[in-house]
Every structure is written in structure tokens, then in C-alpha cells.
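Single-letter residue listing:
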Amino acid sequence: MKWDWHAVSDFMPHFWDGLLVTLQALALGSLLSFTLGLVWTLLMRTPTRWVRWPVGVVTEFVRNTPLLVQLFFLFYVLPEWGLTFSALSTGVFAIGLHYSTYTMQVYRAGIEAVPVGQWEAATALNLPRRRTWTAVILPQAIRRVVPALGNYVISMLKDTPMLMVITVLEMLGQARLFSQQRFQFTEPLTVIGVAFILISYLASLLLRALERRLVR
Amino acid sequence: MTSGLWELVLKGVWTTVQLLVFSALLAAAVSFVIGLARTHHRWIVRFVAGVYTEIFRGTSALVMIFWVFFVLPVAFGWQLVPMWAGTLALGLTYGAYGSEIVRGALNSVDPAQKEGGIALSFTPAQRMRLIVLPQAVPEMIPSFSNLLIELLKGTALVSVMGMGDLTFSANLVRLALQQSAEIYTYVLLIYFVIAFVLTRLMRGLEKRLKAGIGREAGTEPAARELKRARTTGVGGGVA
């Protein structure tokens, strides 16, 4: 086994570019999944089954099929339908959509964990439905779900390399490009492997700290 | 789609299923070894197992696959057949997630049960085999079921390395037909059907195992979903 530090130092500028794209995709994907997930949860609570049933089937389908194939689908099929987006936006949309089907379950668990007394109190105070949700239920539910959502952000981080297959140059994409140009696979791939371990370890420490503050 | 292309897809299904079975077996073995090691009484064993979990859970499955395919041959001179390289990468990664499930289930067994074993002067191995595991394993099944679905989704990653699995065959068909909507829809449906069958099988297994220790399987889907939100595979179980 031979290790070439020059290759590492040559790779580093590409690494930072890739890291930036990865973090961008992660931030936007997280925001999208948090929002969409909440939308799914609220739709699943509507009284008519004509809304609940399709939403349930679609989200179950998205959750049980590979993100990779969903990426291919969005990347190749949407242009056929006349919708063209940049590769990064397609990737962000795919990750956001995929993980929204997970966050919806987190939100649901959070909403169900709000004590029934809170609902009854809101009814007793004659709060309108909208106020009940925005002022009573959601603030309490969201507090409870932050740690679980954070876990999914870490999972999302580890799924961002898949964006490479739709030509997004995130960390793994940069590493592959560099390896193919220089025929040096060991260094760039190891660098990004270590980077992933470090980032997700730091993120999980951060999350644990946040959890201690939020959930008492 | 012509029948020749369908044949290609079927071959892809077969490769995916093979890879799924092998990597699930490896992941199960790793989960139990590492999970048991994490409840070991010596701190050094616990520490090493913990480091393993952090490393393999910390990195991305796709990066791990790249590493096994490109770095292992160059750095250590181990050139693996694609099927085994895929199995190794997926099994080790998902095994790290599984070890958390095993550890959690082992810790959730009532301590009084172990004390009972000590009082009856069982050896540690007997306690594990006859008392702890029969109660812990049924508790693991719902989480393992979710992890298995995550693993199924993970097998698609090997297509990036040019292994002829279901996703790869879809890409070939796309190139052959120059249109993608139809084939990707079919492939997504096939994955969904496999996932559905796996979920049913695991539910049956849970029922049988729980009947063995006189407990009722959690038929309530809501309870299952809740559990999934807490312990879902890829990266879900950091807490």
C-alpha cells in the first residue's frame, strides 16, 4: 500500500468545492423535506379518505423504493415531459421528496405525543382550528421531533453522494473526477470517506447537545 | 418493450435478489457479533465494537462501495468479484446499523431475567442463548424489517459500479429505447413489490417468534410506523 500526500494536497481544492455543493444540497434538501413532510402529515389528518388514501399510497411508494432510481426517474423523465431543471435542483428535489416520507412519520409521532389535555384546553378556550395548530400543537410537537429530524439530516448527508450519478459534482463526484484524471483512487476516496465520518460524527454530537437542551 | 429487454430486467431482478440475500446474511452476522460485543463486560471489546459502528455508520454506503471497488484492489491487492465486493460493502455498512438494533434489544430485556439465570447458576453463554436471546430477538424483528428495506434500496447503489442489477438493467433499457418514463416506472414498481413481500415475510417471522415466547405480535400498524421513525435504517439510528 502506498500513500501519496501530494495527491491529497492536489485534491484538497476540489474537495472544498465538493463539500460546498454537498452542504448546499443537504441544506436545501433538509428544508424541503421538513416542509413537505409536515404537509404530508397534515394531509394524512384530513377527515376524507379521498385525500388520506392517495397521500398514504404515494408516500409509502416513495419510501420503499430506492432514491437512486427516483433520481434517475426525475433526471431523465422530467425533461421528456418538458420540465428541465439543473442537476442540483433535481437532486435536491429528489432527496427532499424521499426524506419527506420519513419526516412525515416523525411529525406524526410528535403530534400524537402531545397530551390530549392540550387539545381539550384549546377547545375549552374556544380557539379556532388554525390557532390550535399554530399556537398550541405544533410548537410542542416540533420541539419533540427535532432530534429525530436531525437524525434524518445525517442520513441525508450520507445519501448526497448519490447525486453524483446525475452529474452533480459533490464530494464523491469530485473524488471520482480527480481519480479518473490522475489514476489515483486511494487518496481522494479515503479523504472523502474520512470527511463523511468526521462530519456525521460531529453532527451527531451537536444533535445530542441540542437534544439535551430541547427535550427535558 | 420487447421480450429481450424484459429478459434483461429479469436478470437484473435476479442479481438484485442474490445481492440482497448475501448482504442481508452478512449484515445479520455482523449485527449480532458487534451488537453482542457492545454489551460485553470488558470495556476494550465494547470500545472496539463502538469504533466499528461509528466508522461504518458514519460513512456513506456509496462511498464505501467506491472504496471497496477501487481502493481495496490497489491498496491491499484484494481484487474481489463484483458480487462479493458489493456484498462486503453493503453487509459491513448495514451490519453497523443492525448492531445498534441488537444492542438496543439486548438492553431492553428485563434485568431480572438475567438475574434469574445467575440464580440458577447458568453460565454466561447459557444465559445469553437460553434466556436473553429468545426474548430479545423477537423485539428486533420490526426494526430489522425496516433495515432490510433500507438494504434493498441500498443494493441499487452497486449499479453505479456497473454491476448488472435491476437499476443497471433499467439504465440499459433507457439507452436502448431512448425513453425513460416507462422503464423507470416498471423498475420502481418491481422494487416496491419486493419491499412489500419482504415486509410481509418479516411480519410472519415476528408473529412466529413472538408466539414462541407467548407474546402477541404488534399488529397495530401505527406502532410499527412509530418504531420505524425511531430506528429506521440508513443513518436513522444515530441517537
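Residues numbered from 1 in each chain as written. Chains lettered and ligands numbered in written order. Predicted model: local features only at pLDDT ≥ 70, side-chain atom pairs only at ≥ 80, totals over all residues. Heavy atoms only, no water.

(A) Structural view of the overall build of chain A. Along the backbone of chain A there are eight helices and zero strands. Secondary structure of chain A in N-to-C order comes out as α-α-α-α-α-α-α-α. Its C-alpha atoms give chain A principal-axis dimensions of about 70 × 45 × 25 Å. The buried share of chain A, taken over its 216 residues, is 50%. A sequence separation of at least 24 residues applies to 78% of the contacts in chain A between residues at least 6 apart. Roughly 10,800 Å² of accessible area belongs to chain A as shown, and the carbon and sulfur atoms make up 67% of that amount. For chain A, the centre of its 18 positive side-chain charges and the centre of its 11 negative side-chain charges are spaced 15 Å apart. (Helix = DSSP H or I, 4+ residues; strand = E, 2+ residues; numbered from the N terminus. Buried < 20%, exposed > 50% of the residue type's maximum accessible area, 1.4 Å probe, protein only. Contact = heavy atoms within 4.5 Å. Areas by Shrake-Rupley, 256 points an atom, 1.4 Å probe, with all protein chains shown as cover. Lys, Arg positive; Asp, Glu negative; His and termini not counted. Charge placed at Lys NZ, Arg CZ, Asp CG, Glu CD.)

(B) Summary view of unusual backbone geometry. Residues and elements named next belong to chain A. The backbone phi angle of T167 is positive, close to 70 degrees, even though this residue is not glycine. Relative to the elements of secondary structure, T167 occurs in the loop between α6 (129-159) and α7 (171-182). Although it is not a glycine, F183 adopts a positive phi angle of roughly 55 degrees. Of note, F183 is situated in the loop between α7 and α8 (186-214).

(C) A look at the side chain of S145(B). Residues and elements named next belong to chain B. Position of S145 among the secondary structure elements: in helix α6 (residues 124-155). Of the residues examined, S145 reaches a relative accessible area of 4% and is grouped as buried. With sequence-adjacent residues up to four places away left out, S145 is seen in contact with T199 and M202.

(D) Geometry of the UniProt feature "transmembrane region" (unreviewed entry) in chain B. All names here are of chain B. This chain's UniProt record puts "transmembrane region" (unreviewed entry) on residues 12-37, 49-70 and 183-201. Secondary structure across residues 12-37 comprises 100% helix and 0% strand; the distance between its end C-alpha atoms is 37 Å. For residues 183-201, the helix share is 100%, the strand share is 0%, and the end-to-end C-alpha distance is 27 Å. (UniProt positions renumbered as here; feature names shortened; annotations may be inferred.)

(E) Up close: the UniProt feature "domain: ABC transmembrane type-1" (unreviewed entry) in chain A. The sites that UniProt annotates as "domain: ABC transmembrane type-1" (unreviewed entry) are residues 19-207 of chain A. Here residues 19-207 of chain A runs as 82% helix and 0% strand, with 20 Å between its end C-alpha atoms.

(F) Broad picture of helix α8 (residues 181-212) of chain B. Between its first and last C-alpha atoms α8(B) spans 47 Å; for 32 residues at 1.5 Å apiece the expected length is 46 Å, and the two agree. Taken residue by residue, α8(B) has A181(B), I183(B), Y184(B), V187(B), L188(B), Y191(B), I194(B), A195(B), L198(B), M202(B), E206(B) and K210(B) as its buried positions. (Expected span 1.5 Å × (residues − 1).)

(G) Broad picture of the UniProt feature "transmembrane region" (unreviewed entry) in chain A. Residue and element names in this part refer to chain A. Here, UniProt's "transmembrane region" (unreviewed entry) annotation points to residues 20-43, 81-99 and 189-210. End C-alpha to end C-alpha, residues 20-43 measures 34 Å, and it is 100% helix and 0% strand. Helix and strand shares over residues 81-99 are 68% and 0% respectively, and the end C-alpha atoms of the span are 24 Å apart.

(H) Focus on the pattern of salt bridges. Residue and element names in this part refer to chain B. As enumerated under the stated definition, the model contains ten salt bridges over all chains in all. Linking R57 and E100 is a salt bridge whose minimum nitrogen-to-oxygen distance equals 3.4 Å. Taken together, the positions of R57 in helix α2 (residues 43-58) and E100 in helix α4 (residues 82-108) put the pair 43 residues apart, joining distant regions of the chain. A salt bridge links K210 to E206; the nearest nitrogen and oxygen atoms lie 3.3 Å apart. You can see K210 and its partner E206 sitting in helix α8, four residues apart, about one turn around the helix. An identical accessibility class is assigned to K210 and E206; each is buried. Here the residues in one salt-bridge network are R38, E54, R57, E100 and R103, joined through shared partners. (Salt bridge = Lys/Arg side-chain N within 4 Å of Asp/Glu carboxyl O.)

(I) Geometry of the UniProt feature "domain: ABC transmembrane type-1" (unreviewed entry) in chain B. In the numbering used here, UniProt assigns the "domain: ABC transmembrane type-1" (unreviewed entry) feature to residues 13-202 of chain B. Helix makes up 84% of residues 13-202 of chain B and strand 0%. Its end C-alpha atoms lie 20 Å apart.

(J) Summary view of the side chain of S23(B). All names here are of chain B. Along the polypeptide, S23 turns up in helix α1 (residues 3-37). A relative accessible area of 0% means that S23 is categorised as buried. Filtering out sequence-adjacent residues up to four positions away, S23 remains in contact with T87, L90, G91 and L151.

(K) Local environment of the interface of chain B and chain A. Each partner contributes to the interface: chain B provides 49 residues, whereas chain A provides 45 residues. Summing both sides of the interface, chain B and chain A together bury roughly 4,200 Å²; the carbon and sulfur share of this comes to 69%. Viewed at the interface, chain A and chain B are joined by zero salt bridges. Inspection of the region where chain B meets chain A yields twelve residue pairs in polar contact (both at pLDDT 80 or more). (Buried area = accessible area lost by both parts, 1.4 Å probe. Polar contact = N/O pair within 3.5 Å; in protein donor to acceptor, adjacent residues only side chain to side chain.)

(L) Molecular detail of the environment of R57(B). Residues and elements named next belong to chain B. Its relative accessible area of 5% is what places R57 among the buried residues. Between the C-alpha atoms of R57 and Y97, which are 40 residues apart in sequence, the distance is 6.3 Å. Reaching out from R57, the side chain makes a polar contact with the side chain of E100 at a distance of 3.4 Å.

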